[in-house]
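Read off the chains here:
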Amino acid sequence: MYNAGNFTIKGSSYLSSGNDVYLESDKVINIEGNLLTTENPIAKINPSSYKRGLQLLSGDLGDNDDIVNKFKIIDNNWKVSEQTESGEQKGKLSTGYVIYVAGASGYSTPIAAGNDVYGLGTKSAPYASIEEAVKQCWNSSKEFTIYVSGKLTAAQTIPAANNTNKTGLASAITIEGFIDNDNDYIDRGLSEVPSTGSGSCLTVNTTTPVTIKNFKLTGGYAEYGGGIYCNTANAKITLDEDALVTRNKAKECGGGVYVAGTGTEEGQKITFDMTSAVVSENTAYNDSSADNNDGGGGIYIENGEGSIVDSVISKNIVQISSKGSGGGVLLKKANIVMSGNSFIKGNTVKKADDTLAGFGGGVFLTGSASTSLCMYGNAKIGDDLEPNKALYGGGVGLTNGSICLGYSTPGTTETLNDGCGVIHNKSGTRGGGIYCYASSLYLDSGNVSYNETTETPSLAEEYGGGGIYASGSCPKLSITGGVISNNESSYGGGFRIMTSDYTFIMTGGVIENNTATHGGSGIYTDTKLGFGGDASVKSGNDVYFRRSNLYIELCSALADSTSVTVSNGTNAKGTRMIRKGTDYSGNFSEDAVKFKIPGATCYNIAEDGYIRMVPAETIIASDFDGFTYTSTINDDPEITTIDAKGDKRMFLILPDGSKVALKIDVTNFDSYGASFNYDAWTIKSDGTTKEHIFGSKTLDETDYYIHLDFDADGTDDMGISFQSYGVYIEAEVDNTRYYIFN
């Protein structure tokens, strides 16, 4: 039957086997009332064109699908659609929600060669392009899968949905290889950016969520996004299981993937996710940009958010003539969460001569303070055999934003397992693991370990930070857990803070086994540091203050196990090293002495937080005339001298083999020119003198040290007789300082 007008079926009507209804374009079969026939099929339909979503039946189609299921299509690859979840009218031409695309070569049986003119999107008549397949998506409430077989060589596009023409309508679209990513792929085979048309493998222009799986994109060469390009607000792209983006190039940004929203507000951002996917061996050249905030050898994400789960981003390169960053990933005004068994490794920012350049060999963050990278699970940036590399920040570089280790979102902790984090990366001069400029770092679990800087330029103290380097006006460095260990640099093996504007707070975690060739094996800093809780800088690592006016500020009570070695180079007596923070409520005198001066036995940090002489037992002094004087432990930090004028001779009997140094302090003496005489010897058991030293000093306003060292034979005591005129004397015995007042 040929229907070019109106055709109605009702009652017991049907078309017997061997007959069909040919429907001209835009013509339908109208169902009137309840159909009484039991025949199945009632009729076979032969549409004049095969287009998914073409209306075939109308009228009384019933509340269920019994009627439409009794109408068949001449080509059995097709069917009459049933009721949709959204209540859209049923009775349309459909192949279900699967469409086929095939290349001109490499397609697999039973798939035929693709053809956009004569193809139907079926296995036997597939389309030749992804774009034509997407146009056949007709139901906005259903997920469509487009299977691609063989090799596509032309630029592919996923167009925006068009409600007017009823094309590209789907709740989601999956592009999937028919066999695997070795057999099914796009290969542009480009050695330069084409003069016309897109050089990208795939351009995404739709807001319909797009998933790519079991499929490879390679050989693209474009201005932006050699593999995938998307600059569409509210787009969502997922690289799913066995998706592979490899060996693509971008003249500017996003060698493998370039995705950008139009703004940071909802409805403007783009979403990019990776699950069990790989982005590798892509290159971005950042040719025309003189900005380090561009690049992204593997992936470039701007105004977006997303996740990296059980995926690998490796061996991507930003190769620059001037500036560029983000060998593996560049995040600009974007937020990414990295979890599962994910790796970012072997990525590099360099110049053509292979010298390191730019920021963030693995990942680079910039654009706004809200830009963030969170890591948990078994996520790793770096690898012992394939380290990430850049001039600044071998693993991660930030010039705006935050990196959060042990977090699922900024502010929400989630365990980053031991041995995971930022590990085995290399930078040229700053931040072997992480480089933070005007940015924040949060470490709650996981590791920043086995990173190193490889160069020591002039102005060496300005560089360093084997594990972490921080500079600029920065919001916060917060360490509540995790481990910073086994990092190497010239200054600040674990941490180098090159600014006075950072807020550094460590209330947990461990800094240990880091190495610095010049200073600050644990931390080398230009700013004060906040400590509390069970923070630990273990023996062998120290905190080194570059300036003498810097100090530790206690922000909370310290755990009993806490021990931190701290130094400012001079470690001068009377320097205040430990202070109370605004919110501190612990026992200050107990917490202050948990900080130690490196290698000190005479001077150390006292209960008041100042560098003081180590308290010792009272010793007895007697003069040659029979007078006896008792010295006391100096527990008053304000005492600097005793004004005891006149000739006082005092005599000490000290333990066998003692080493003695006398310090003469005339800071507050009102008459310079005082003299100090000393007479020292060891006394044998028979009372004879074994060794004898004597001398005198004329004093001015300067402090003096007089060292008296004796070789003892194990049987002797040692005596000192000294005569003073209005001076304050301290005696050091066996590297322990005593306070002796005349």
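Here the structure is a predicted model, which is why all the values come from computation and not from measurement. Residues take numbers from 1 onward in each chain, read along the sequence in its written order. Local features in this predicted model are restricted to residues of pLDDT 70 or higher, and side-chain atom pairs are both shown and tallied only at a pLDDT of 80 or more, whereas totals for entire chains, interfaces and linings draw on every residue. Calculation of side-chain values draws on the structure's entire complement of heavy atoms; hydrogens and water are dropped beforehand.

### Some words on the overall build of the chain
Within the chain, the regular secondary structure consists of 2 helices and 73 strands. Three labels apply to residues, based on accessible area from a 1.4 Å probe with only protein chains included: buried if under 20% of the type maximum, exposed if over 50%, partly exposed otherwise in between. A buried classification covers 55% of the 742 residues belonging to the chain. In this analysis, two residues are considered to be in contact whenever any of their non-hydrogen atoms come within 4.5 Å of each other. Looking at the chain alone, contacts between residues at least 24 apart form 76% of all its contacts between residues at least 6 apart. The accessible surface values rely on the Shrake-Rupley method and a 1.4 Å probe; as for residues, cover is taken only from the protein chains in view. Accessible surface, the chain as shown: approximately 29500 Å² in total, 43% of it carbon and sulfur. Think of it this way: any DSSP run of H or I at least four residues long counts as a helix, any run of E at least two long counts as a strand, and we number them from the N terminus.

### Examining the pattern of salt bridges
Put simply, a salt bridge is a Lys or Arg side-chain nitrogen that is within 4 Å of an Asp or Glu carboxyl oxygen. Scanning all chains against the criterion turns up 19 salt bridges. Measuring nitrogen to oxygen at the nearest pair gives 3.9 Å for the salt bridge that ties Lys-135 to Glu-131. You can see Lys-135 and its partner Glu-131 sitting in helix H1 (residues 130–135), 4 residues apart, about one turn around the helix. With a shortest N-O distance of 2.8 Å, Arg-496 and Asp-526 are connected by a salt bridge. Here Arg-496 is found in strand S51 (residues 495–498), whereas its partner Asp-526 is found in the loop between strand S54 (523–525) and strand S55 (529–533), with 30 residues between them in sequence. For the residue pair Arg-496 and Asp-526, the accessibility class agrees, reading buried in each case. Each of Glu-462, Arg-496, Asp-526, Arg-546 and Arg-547 takes part in salt bridges that share partners, so that together they form one network.

### Focus on the side chain of Asn-303
Here Asn-303 is to be found in strand S28 (residues 299–309). Sequence-distant contacts of Asn-303, defined by excluding residues within four places in its chain, comprise Gly-261, Thr-262, Gly-263, Thr-264, Gln-268, Lys-269, Ile-270, Lys-332 and Lys-333.

### Focus: the packing of aromatic side chains
Note on aromatic contacts: the rings of Phe and Tyr and the six-membered ring of Trp form a pair at centre separations within 6.5 Å, being stacked when their planes are under 30 degrees apart, edge-to-face when over 60 apart, and tilted otherwise. One pass over the structure, following the stated rule, counts 21 aromatic pairs. Measuring from ring centre to ring centre gives 5.1 Å for Tyr-491 and Tyr-524, while their planes differ by 75 degrees; the resulting arrangement is edge-to-face. Taken together, the positions of Tyr-491 in strand S50 (residues 488–491) and Tyr-524 in strand S54 put the pair 33 residues apart, joining distant regions of the chain. The exposure class assigned to Tyr-524 is buried, which follows from its relative accessible area of 3%. Taken together, the ring pairs connect Phe-359, Phe-364, Tyr-392, Tyr-435 and Tyr-469 into an aromatic cluster. Lys-216 extends its terminal NZ or CZ atom over the ring of Tyr-185, reaching a point 4.9 Å from the ring centre. We call a charge positioned over a ring when the NZ of a Lys or the CZ of an Arg lies within 6 Å of the ring centre and within 35 degrees of the ring normal.

### Observations regarding empty space enclosed by the protein
Where empty space is left becomes clear once a probe the size of a water molecule has been rolled over the atoms. A pocket here means an open set of points on a 1 Å grid, computed over the protein atoms alone, that has protein on both sides within 12 Å along at least five of seven lines. A cavity is instead a set of points where a 1.4 Å probe fits but cannot get out; residues with an atom within 4 Å of a point line either one. Grid points are joined across faces, edges and corners, and a volume is the space filled by probe spheres set on the points. Per the counting criterion, the structure on display carries 2 cavities of 30 Å³ or more. Of the pockets and cavities examined, the second largest cavity occupies roughly 40 Å³. Along the walls of the second largest cavity sit Phe-272, Met-274, Ile-299, Ile-301, Ile-308, Ile-313, Val-329 and Ile-336, which together make up its complete lining. Of all the elements in the fold, those that place two or more residues in the lining of the second largest cavity are strand S25 (270–275), S28 and strand S31 (329–339). Residue contributions to the lining of the second largest cavity peak at 3 residues, all from S28.

### Thoughts on the confidence of the model for the chain
This prediction gives the chain a mean pLDDT of 82; 80% of its residues lie at or above 70. On a range of 0 to 100, pLDDT expresses the predictor's confidence in each residue. Residue range residues 615–742 is modelled with pLDDT below 50. Its contacts to residues more than four positions away, or to other chains, number 296 contacts.

### Focus: the environment of Glu-553
Looking at the element boundaries, Glu-553 is found in strand S58 (residues 552–558). What makes Glu-553 partly exposed here is its relative accessible area of 23%. C-alpha separation for the pair Glu-553 and Leu-529, spaced 24 residues apart in sequence, amounts to 6.0 Å. Excluding residues that lie within four positions of it along the chain, Glu-553 makes contacts with Lys-528, Leu-529, Gly-530, Phe-531, Arg-579, Lys-580 and Gly-581.

### Quick notes on the pairing of S25
Of all 6 residues in S25, 5 are buried, a share of seventy percent or more. Across 4 bridges, the pairing between strand S21 (residues 236–239) and S25 is parallel. Residue pairing for S25: Lys-236 is matched across the bridge by Thr-271. Whether two strands pair comes down to DSSP finding at least two bridges between them.

### So, unusual backbone geometry
For the peptide bond that leads from Asn-40 to Pro-41, omega is 10 degrees, which places it in the cis range. Inspection of the secondary structure assignment puts Pro-41 in the loop between strand S4 (29–32) and strand S5 (43–47). Cis geometry is found at the peptide bond from Thr-109 to Pro-110, where omega equals 10 degrees. Topologically, Pro-110 is positioned in the loop between strand S10 (98–102) and H1. Backbone geometry places Glu-281, a non-glycine residue, at a positive phi of 60 degrees. Summarising the element assignment, Glu-281 is placed in the loop between strand S26 (278–280) and strand S27 (283–284). The phi torsion at Asn-513 lies on the positive side, around 55 degrees, for a residue other than glycine. Examined against the element boundaries, Asn-513 turns out to sit in the loop between strand S52 (504–512) and strand S53 (515–519). Note on Asn-513: relative accessible area 47%, which makes it partly exposed.

### Let's talk about the environment of Ser-589
Here Ser-589 shows up in helix H2 (residues 588–592). Under the relative-accessibility criterion, Ser-589 is labelled partly exposed at 30%. When the C-alpha atoms of Ser-589 and Glu-607 are compared, they prove to be 4.2 Å apart, with 18 residues separating the residues in sequence. In protein, a polar contact requires one atom able to donate a hydrogen and another able to accept it; more generally it is a pair of N or O atoms within 3.5 Å, and residues adjacent in sequence count only if both atoms are side-chain atoms. Side-chain polar atoms of Ser-589 contact the side chain of Asn-587, separated by 2.8 Å.

### Some words on the sheet that holds S4
Strand pairs in the sheet, formed through backbone hydrogen bonds, run parallel or antiparallel to each other. Across the sheet, which stays open at both edges, the 3 strands sit in the order S2-S4-S6 with parallel pairing between neighbours. Edge positions in the open sheet fall to strand S2 (7–10) and strand S6 (57–59), since each of these has one partner strand only. The sheet shows a mean angle of 35 degrees between the axes of neighbouring strands, taken without regard to direction. In terms of strand pairing, S2 meets S4 through 4 bridges, oriented parallel. What sits directly across from Thr-8, in S4, is Asn-30. Lines are fitted to the C-alpha atoms to define the axes, a helix being fitted only along its stretch in contact, and any angle between axes, read from their N-to-C directions, falls within 0 to 180 degrees.

### Examining the side chain of Glu-302
Considering the arrangement of structural elements, one finds Glu-302 in strand S28. His residues and chain termini do not enter the charge count, which takes Lys and Arg as positive and Asp and Glu as negative. Lys-332 is the oppositely charged side chain nearest to the buried, salt-bridge-free Glu-302, at an N-O distance of 4.7 Å. Side-chain polar atoms of Glu-302 contact the side chain of Tyr-300, separated by 2.6 Å. Apart from the residues lying within four places of it in its own chain, the contact partners of Glu-302 are Tyr-258, Val-259, Ala-260, Gly-261, Ile-270, Lys-332 and Lys-333.

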